[in-house]
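So you can see what is in the structure, the chains are spelled out below.
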Amino acid sequence: MASHHPAVGSEIAVDSRKLGVWVFLASEVIFFASLIVSYLVLHNRVTSGPTAHEALTLTIPTINTMILLTSSVAMVLALAHLRDGNRRASIAWLLTTAWLGICFLILKAVEYNQHLHEGLTPSVNVFGSAYYTVTGFHAAHVAVGVIWILSVALGLRRRLSPQNDVLVETVGLYWHFVDLVWVAIFMVVYLMR
Amino acid sequence: MGGTSVSTDRPEGTVGAKAHRHPNYVLVGIVLIVLTILEVSVISLPVPQLPFLLGFAIAKGLLILMYFMHLKFDSRLYAVLFAYPWPLALLLVGMLIWVYFGFRA
Amino acid sequence: MASSAVTLPRVYEERGLLSWLTTVDHKRIGILYILGAGFFALIGGLEALLIRTQLAIPDNRLLVGEAYNQVLTMHGTTMVFLVVMPVLAGLGNYVVPLMIGARDMAYPRLNAFGVWMFLLGGIFLNLSFLLGGAPDAGWFGYAPLTAKTFSKGAGIDFWILGLQLLGISSITSSINFVSTILLLRAPGLTLNRLPLFAWTTLVTAFLILFAMPSISAALFLLFLDRHLGTHFFNPAAGGDPLLWQHLFWFFGHPEVYIMILPAMGIVSEVLPVFSRKPIFGYTAVAYSSVAIGFIGFTVWAHHMFAVGLPDVVNAFFSAASMLVAVPTAIKVFNWIATIWGGSVRYRVPFLFAAAFVALFVIGGLSGLFLASVPVDWQVTDTYFVVAHFHYTLFGGSMFAIVAGIYYWFPKITGRFLDERLGRLHFALQFIGFNLTFFPMHFLGLMGMPRRVYTYAAGLGWESLNLLATIGAFILALGFVVFFVNIARSLVAGERAPDDPWDGHTLEWLTSSPPPPYNFARVPVVHSRRPAWDRKYTGNPHPRPVAEAPTAQAPVGDGPEGDSEAEPIHLPAPSLWPLILAAGLTVFALGLVTHWIFIPLGLLLFALGLARWVQQPLFPETHEASS
């Protein structure tokens with residue numbers, strides 16, 4: 001098991017795995033900024049097909065926002081319990097987080113299904129293209145997060161020591177970041193339509 | 001990883017902090033939900049949308065960053081690293097908004 | 001105190017193919033990057049010679065139309081992504097951990113994954129030649145030429161997916177450099193004492209992290225347009241081809257700084273050593289690197305001056321582009337001041353590094369011309385631009401890379417490159433390069449367009465084109481001499497000591513080549529030139545150059561105050577990074593050829609990932625015996 005690593009030659013106590021995840025998340029900021037700005041500049045350049053105003057409703061997205069925010073609470077509670085030495089509670093909260101993530105995805109699928117029936121497809125017009133792409137990449141990140149959380153939970157069931165909190169913490173950082181991106185998407189795509 | 005041998009009894013950020021009280025995560029979660037309700041309400045009000053929506057979104061984002069992602073309590077290095085791309089992202093977004101929306105005849 | 005010898009289990013001493021396929025040692029990974037880049041350089045160089053041969057005379061029929069466009073596109077794509085970036089990553093991988101007194105990079109297996117991703121990605125990209133045709137829309141792939149309707153074949157898809165694979169390699173490599181340089185420095189090695197090559201590697205890592213996601217997003221959008229019928233770049237349905245340009249150049253401009261900054265770092269290492277002086281103005285050079293990195297993100301639309309953006313927008317980008325000349329000039333003046341008054345040794349690394357300064361200044365000057373919008377409107381898409389970027393990327397980056405190879409070859413292999421062959425190489429490369437690219441300034445000013453496979457007779461372009469082609473072959477001859485030098489020296493080169501150049505930085509404190517664990521004891525650093533100071537300054541037990549301290553020398557509690565003997569943890573070799581990289585590549589292959597590769601690739605990916613996370617990083621502890 002790779003060991004924690006106080007920075008040599010400096011006074012910062014920084015774990016290299018956490019640092020790596022933060023650095024990766026920093027680069028993801030630019031990735032989602034690129035997708036979001038593409039959505040912003042293209043989404044109302046439609047001459048035919050559904051517009052954002054027509055096609056998007058707030059019910060499911062709002063519920064999904066609540067779901068993700070709650071899941072972030074669950075995620076950070078999982079970490080807190082682990083730090084306090086309560087492994088079983090931690091695993092339970094991890095599973096809760098993953099379950100909420102799955103609920104998000106199910107509702108997203110329902111929403112997509114609605115849209116498709118109403119004629120909003122990725123190829124009908126550029127709004128469709130941008131909408132599915134932005135929300136789709138985010139959903140894909142959620143799916144990856146769910147898988148990651150489940151494997152961490154599985155790993156926790158087998159071997160545990162307080163040092164494994166970094167494993168939970170890193171997946172937590174990723175999960176909260178995905179929540180953060182959703183905050184932006186919720187605003188740009190749904191609230192500002 | 002390479003580097004000097006490390007004693008593993010010093011997990012990061014825990015010099016005396018192991019005993020620190022966790023922030024009230026549930027409270028933060030409730031605040032986030034309230035902010036979301038406010039966001040959704042604002043769009044049906046006759047007020048300028050952008051300042052409110054942006055404000056709420058930024059507030060939510062900062063709460064998530066500070067408390068859930070522990071930036072408030074952790075080494076400043078993480079915050080500096082994560083802050084680095086934001087001016088660049090703002091430049092990209094701002095410039096494209098300017099180019100695409102700022103010059104309508 | 002008895003000398004400490006470190007004994008390692010056999011697995012770390014193994015030779016053979018498997019040991020290379022499973023290596024997680026930054027030194028071997030660095031060598032793989034450099035060898036891979038060398039291989040692709042042959043391909044890219046061949047492509048260049050084909051282009052120059054076609055253009056040697058007007059109305060030539062050697063390589064025309066579609067075929068020419070493929071060679072042109074692959075030449076650019078190869079040189080940028082498969083040569084310059086990887087060789088700099090390779091030198092960085094090999095040298096930076098040594099320079100900072102670390103035993104390896106922060107994430108050794110991720111490091112291995114990066115190099116396999118590069119090698120497999122490069123092969124994937126070049127497979128296009130055999131599987132329906134290489135991409136042919138230029139290295140910058142403008143929409144709507146790259147749309148399905150105008151580029152029906154799979155070439156563009158190979159380009160898109162190949163770049164995504166290579167981007168993954170770059171991003172993981174950059175995460176590694178950031179963590180390594182920030183966290184694994186030897187005791188006493190503050191950022192203020194960080195060698196400048198490590199500084200520029202750090203800045204470049206951030207550039208990669210914040211530039212590549214932009215092209216990655218653009219490539220996804222293009223792929224969706226081509227295969228799912230989306231309309232991002234389709235103006236008929238509300239899309240905008242200019243969006244591609246914005247997203248591409250938001251990456252593309254920092255990309256050129258990604259290619260030049262580490263090269264500048266190499267120059268900042270070589271010039272002081274061969275002038276026997278410290279770098280002049282270390283702080284200014286370090287801050288200038290940071291400034292260049294930042295300003296580099298603000299200038300992207302200077303590649304778009306001719307597309308019709310509003311004047312005020314063009315003015316902003318023009319001003320920012322001129323601004324970047326300031327920190328660059330600061331560095332140039334500092335390099336000159338470093339050489340000035342030094343006791344210069346005109347060895348081959350110095351020749352290439354000094355030539356860098358001159359040639360890069362020329363490239364920078366033509367860049368300043370291009371930063372002016374009215375001038376750019378006249379010469380954009382002409383050979384003036386080709387001259388500019390070859391002066392900066394070849395006269396700049398490539399010359400510095402060669403300097404770095406001559407400089408660090410003794411450390412990596414334990415042998416010198418031959419000095420006389422090196423001088424011959426330098427002469428041929430310097431003359432050949434200038435003969436090839438200087439005339440292009442004039443060709444551009446005379447109106448010769450870029451990216452055309454021929455030109456008519458009677459325009460007055462013949463003699464300069466012929467001159468350029470002759471220059472290209474002289475340049476190629478220089479590289480032949482270079483490769484011959486490398487091959488001969490590997491086998492029969494003069495043996496090199498630990499510190500062949502009387503160097504300044506930590507890598508010269510260990511053997512040539514270094515042992516797998518780099519240093520028996522992590523050195524403690526007290527200045528910017530730790531190796532130099534151990535030899536000459538304030539050291540009651542100075543050692544002459546020929547007997548520079550080695551890993552086996554007793555330095556534990558001595559005047560240098562190196563760290564105590566400690567257990568050395570080395571990460572275990574692992575096959576899984578290669579499997580993971582293969583999985584992604586096979587998956588990509590499935591997207592452009594037969595669908596069966598998609599599940600195969602995913603399976604390999606899942607297998608590699610699962611086994612990777614299950615395998616512990618370290619096997620057992622190994623004591624340094626005394």
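Bear in mind that the values here come from a model prediction, so they are computed numbers and not experimental data. Per-chain numbering applies: the sequence of each chain, read as written, is numbered from 1 onward. By the order in which they are written, chains take letters starting at A while ligands take numbers starting at 1. Local features are withheld for residues below a pLDDT of 70 in this predicted model, meaning they are given only at 70 or higher, and side-chain atom pairs are given and counted only at 80 or more; totals for whole chains, interfaces and linings count all residues. Here the side-chain values reflect all heavy atoms present in the structure, with hydrogen atoms and water set aside.

Caption draft 1: Spatial organisation of the overall build of chain B. Going along the chain from the N terminus, every DSSP run of H or I of four or more residues is numbered as a helix, and every run of E of two or more is numbered as a strand. Along its length, chain B carries 4 helices and 0 strands. Along chain B, from the amino end to the carboxyl end, the secondary structure elements read α-α-α-α. When a residue's accessible area, from a 1.4 Å probe over protein chains only, is under 20% of the maximum for its type it is buried; when over 50% it is exposed; and in between it is partly exposed. Counting all 105 residues of chain B, 42% fall into the buried class. Pairs at least 24 apart in sequence give 51% of the contacts found in chain B among residues at least 6 apart. Entry remark: accessible area of chain B is about 5,600 Å², with carbon and sulfur atoms responsible for 72%. We call two residues in contact whenever any of their non-hydrogen atoms come within 4.5 Å of each other. Working definition of accessibility: Shrake-Rupley area with a 1.4 Å probe, residue cover restricted to the visible protein chains.

Caption draft 2: Main features of the overall build of chain A. When helices and strands are counted, chain A shows 6 helices and 0 strands. Along the chain direction, N to C, the helices and strands of chain A fall in the order α-α-α-α-α-α. Its C-alpha atoms give chain A principal-axis dimensions of about 60 × 35 × 20 Å. Each of the 193 residues in chain A was classed as buried or not, and the buried ones make up 64%. Pairs at least 24 apart in sequence give 77% of the contacts found in chain A among residues at least 6 apart.

Caption draft 3: The arrangement of the interface of chain B and chain C in detail. In this complex, chain B contributes 19 residues to the contact, which on the side of chain C involves 32 residues. The quantity reported as buried area is the accessible area (1.4 Å probe) lost by two parts once they are put together, taken as the sum for both. Taken together, the two surfaces of chain B and chain C that pack against each other cover about 2,300 Å², and 82% of this comes from carbon and sulfur. The rule for a salt bridge is simple: a side-chain nitrogen of Lys or Arg has to be within 4 Å of a carboxyl oxygen of Asp or Glu. Summed over the shared surface of chain B and chain C, the number is 0 salt bridges. Broken down by secondary-structure element, the contributors of at least two residues to the side of chain B that touches chain C are α3 (76-83) and α4 (85-101) of chain B. A total of 10 residues in the side of chain B that touches chain C trace back to one element, the largest contributor, which is α4 of chain B. Taken together, the residues of the side of chain B that touches chain C break down into 15 nonpolar, 4 polar and no charged. The classification used treats Ala, Val, Leu, Ile, Met, Phe, Trp, Tyr, Cys and Pro as nonpolar, Asp, Glu, Lys and Arg as charged, and all other residues, Gly among them, as polar.

Caption draft 4: Broad picture of the nonpolar core. Residues Tyr39 and Tyr131 of chain A together with Trp300, Phe356 and Trp408 of chain C are the most contacted members of the largest nonpolar core, which totals 293 residues. It is helix α6 (residues 196-227) of chain C that contributes the most residues to this core, 22 residues altogether. For each domain, the first and last residues come from an automatic or database assignment. Taken domain by domain, the makeup of this core includes at least three residues from each of domain 1 (1-74) and domain 2 (76-105) of chain B. When sequence neighbours within four positions are dropped, the list of residues in contact with phenylalanine 356 of chain C reads Ile260, Ala263, Met264, Val267, Trp335, Val361, Gly395, Gly396, Ser397, Phe399 and Ala400 of chain C. For our purposes a nonpolar core is just a set of buried Ala, Val, Leu, Ile, Met, Phe, Trp, Tyr and Cys residues, chained together by side-chain atoms within 4.5 Å.

Caption draft 5: Highlighting the pattern of salt bridges. Residue and element names in this part refer to chain C. With the rule as written, the count across this model stands at 15 salt bridges over all chains. A salt bridge links lysine 27 to aspartate 25, with the nearest nitrogen and oxygen atoms 3.2 Å apart. No difference in accessibility class separates lysine 27 from aspartate 25, as the two residues are buried.

Caption draft 6: Spotlight on the side chain of serine 289 of chain C. Residues and elements named next belong to chain C. Following the sequence through the fold, serine 289 ends up in helix α8 (residues 282-295). Overall, serine 289 belongs to the buried group, its relative accessible area being 0%. Once residues within four sequence positions are removed from consideration, serine 289 is found in contact with Thr200, Val203, Leu261 and Lys331.

Caption draft 7: Layout of the confidence of the model for chain A. Residues and elements named next belong to chain A. Residue-level confidence of the predictor is summarised by pLDDT, bounded by 0 at the bottom and 100 at the top. Across chain A, the average pLDDT comes to 90, with 91% of residues at or above 70. The element-level mean pLDDT for chain A is lowest in helix α2 (residues 52-55), coming to 92, with helix α1 (residues 16-42) highest at 97. The model gives residues 1-11 a pLDDT under 50, and that stretch makes 44 contacts with residues more than four places away or in other chains.

Caption draft 8: Seen up close, the domain arrangement of chain B. Residues and elements named next belong to chain B. The assigned domain composition of chain B is domain 1 (1-74) and domain 2 (76-105). On the domain 2 side, the residues contacting the 4 residues of domain 1 number 4 residues. For the pair domain 1 and domain 2, the summed buried surface comes to about 360 Å²; carbon and sulfur atoms form 75% of the total. Our count for the contact surface shared by domain 1 and domain 2 stands at 0 salt bridges. Polar contacts, as used here, are pairs of N or O atoms within 3.5 Å; protein pairs need one atom able to donate a hydrogen and one able to accept it. Residues neighboring in sequence count only if both atoms are side-chain atoms. Our count for the contact surface shared by domain 1 and domain 2 stands at 1 residue pair in polar contact (both at pLDDT 80 or more). A per-class count over the side of domain 1 that touches domain 2 returns 2 nonpolar, no polar and 2 charged.

Caption draft 9: Region of the structure containing the packing of helix α3 (residues 65-99) of chain C against helix α5 (residues 155-183) of chain C. Residue and element names in this part refer to chain C. It is the contact of α3 with α5, at a shortest axis distance of 11 Å, that shows an interaxial angle of 20 degrees. With respect to each other, α3 and α5 are oriented roughly parallel. With respect to the hand of their crossing, α3 and α5 are arranged in left-handed fashion. Only Trp159, Leu163, Leu166, Ser170, Phe177 and Ile181 of α5 make contact with α3, whose side of the interface consists of Thr77, Phe81, Leu82, Met85, Ala89, Gly92, Asn93 and Val96. Residues of the contact of α3 with α5, tallied by class, amount to 10 nonpolar, 4 polar and no charged. As a rule, the C-alpha atoms of each element are fitted with a line to give its axis, helices using only the stretch in contact, and angles between N-to-C directions run from 0 to 180 degrees. Orientation is classified from the angle alone, with under 35 degrees giving roughly parallel, over 145 giving roughly antiparallel, 65 to 115 giving roughly perpendicular, and any other angle giving oblique. By convention, the crossing between two helices is left-handed when the near helix turns anticlockwise from the far helix through less than a right angle, and right-handed when the turn is clockwise.

Caption draft 10: Representation of the packing of aromatic side chains within the structure. Under the pairing criterion, centres of Phe, Tyr and Trp rings, with the six-membered ring standing for Trp, must be within 6.5 Å; the plane angle then separates stacked pairs below 30 degrees from edge-to-face pairs above 60, leaving the rest tilted. Going through the model one piece at a time under the given rule, you end up with 77 aromatic pairs over all chains. Centre to centre, the rings of phenylalanine 31 of chain A and phenylalanine 220 of chain C are 6.0 Å apart; their planes meet at 75 degrees, and the pair counts as edge-to-face. Taken together, the residues phenylalanine 31 of chain A in helix α1 and phenylalanine 220 of chain C in helix α6 connect one chain to another. When the centroid spacing of 6.4 Å and the interplanar angle of 55 degrees are considered together, the rings of phenylalanine 32 of chain A and phenylalanine 177 of chain A count as tilted. Highlighted residues: phenylalanine 32 of chain A in helix α1 and phenylalanine 177 of chain A in helix α6 (residues 165-191), separated in sequence by 145 residues. Phenylalanine 177 of chain A matches phenylalanine 32 of chain A in its accessibility class, with the two residues each being buried. Note on geometry: a ring has a charge over it if NZ (lysine) or CZ (arginine) is within 6 Å of the ring centre and within 35 degrees of the ring normal. If you follow arginine 28 of chain C out to its NZ or CZ, it ends over the ring of tryptophan 20 of chain C, 4.3 Å from the centre.

Caption draft 11: Up close: unusual backbone geometry. All names here are of chain C. Of note, the bond from alanine 143 into proline 144 is cis; its omega dihedral lies within 30 degrees of zero at -5 degrees. Residue proline 513 is bonded to the preceding serine 512 through a cis peptide linkage, with omega at -5 degrees. Tracing the backbone through its elements, the reader meets proline 513 in the loop between α15 (462-492) and α16 (530-536). Located in the positive-phi region is asparagine 518, a residue other than glycine, with phi close to 65 degrees. Residue placement: asparagine 518 occurs in the loop between α15 and α16. Residue asparagine 518 is classed as buried on the basis of its relative accessible area, which comes to 0%.

Caption draft 12: Main features of helix α2 (residues 49-68) of chain B. A helix is expected to span 1.5 Å multiplied by its residue count minus one. Compared with the 28 Å implied by 1.5 Å per residue over 20 residues, the 27 Å span of α2 of chain B between its first and last C-alpha is a close match. Buried within α2 of chain B are the following residues: Leu53, Phe56, Ala57, Lys60, Gly61, Leu63, Ile64, Leu65 and Phe68 of chain B. Close packing links the buried residues of α2 of chain B with α1, α3 (59-83) and α6 of chain A together with α1 (25-42) and α3 of chain B. Looking one or two residues past α2 of chain B, histidine 70 of chain B carries a phi angle of roughly 65 degrees, positive in sign.

Caption draft 13: Summary view of a nonpolar patch on the surface. A patch consists of residues exposed above 30% relative accessible area that lack any salt bridge, with like charges linked at up to 9 Å and nonpolar side chains (Val, Leu, Ile, Met, Phe, Trp, Tyr) linked at up to 5 Å. Together, Met192 of chain A together with Leu50, Leu54, Ile58, Leu62 and Met66 of chain B give the surface a local cluster of nonpolar side chains, amounting to about 490 Å² of exposed area. Topologically, leucine 50 of chain B is positioned in helix α2.

Caption draft 14: Fine view of the environment of valine 26 of chain B. With respect to the element layout, valine 26 of chain B can be found in helix α1. Residues valine 26 of chain B and leucine 45 of chain B, spaced 19 residues apart in sequence, show a C-alpha to C-alpha distance of 29 Å. Discounting residues that sit within four places of it in the chain, valine 26 of chain B has contacts with Val73 and Leu77 of chain A.

Caption draft 15: Focus on the confidence of the model for chain B. When the pLDDT values of chain B are averaged, the result is 83; 79% of them are 70 or greater. The complex prediction reports pTM at 0.92, with the ipTM value standing at 0.93.

Caption draft 16: Up close: helix α4 (residues 108-127) of chain C. Helix length check: α4 of chain C, at 20 residues, gives a terminal C-alpha distance of 29 Å against a target of 28 Å (1.5 Å per residue), a fit within 8%. Burial runs high along α4 of chain C: 16 of the 20 residues are buried.

Caption draft 17: Region of the structure containing the packing of helix α7 (residues 241-275) of chain C against α8 of chain C. All names here are of chain C. At a minimum axis separation of 11 Å, α7 and α8 run at an interaxial angle of 175 degrees. Here α8 runs roughly antiparallel to α7, going by the angle between their axes. Residues Tyr257, Leu261, Met264 and Ser268 of α7 form the contact with α8, whose participating residues are Val285, Ser289, Ile292 and Gly293. When its residues are assigned to classes, the contact of α7 with α8 shows 5 nonpolar, 3 polar and no charged.

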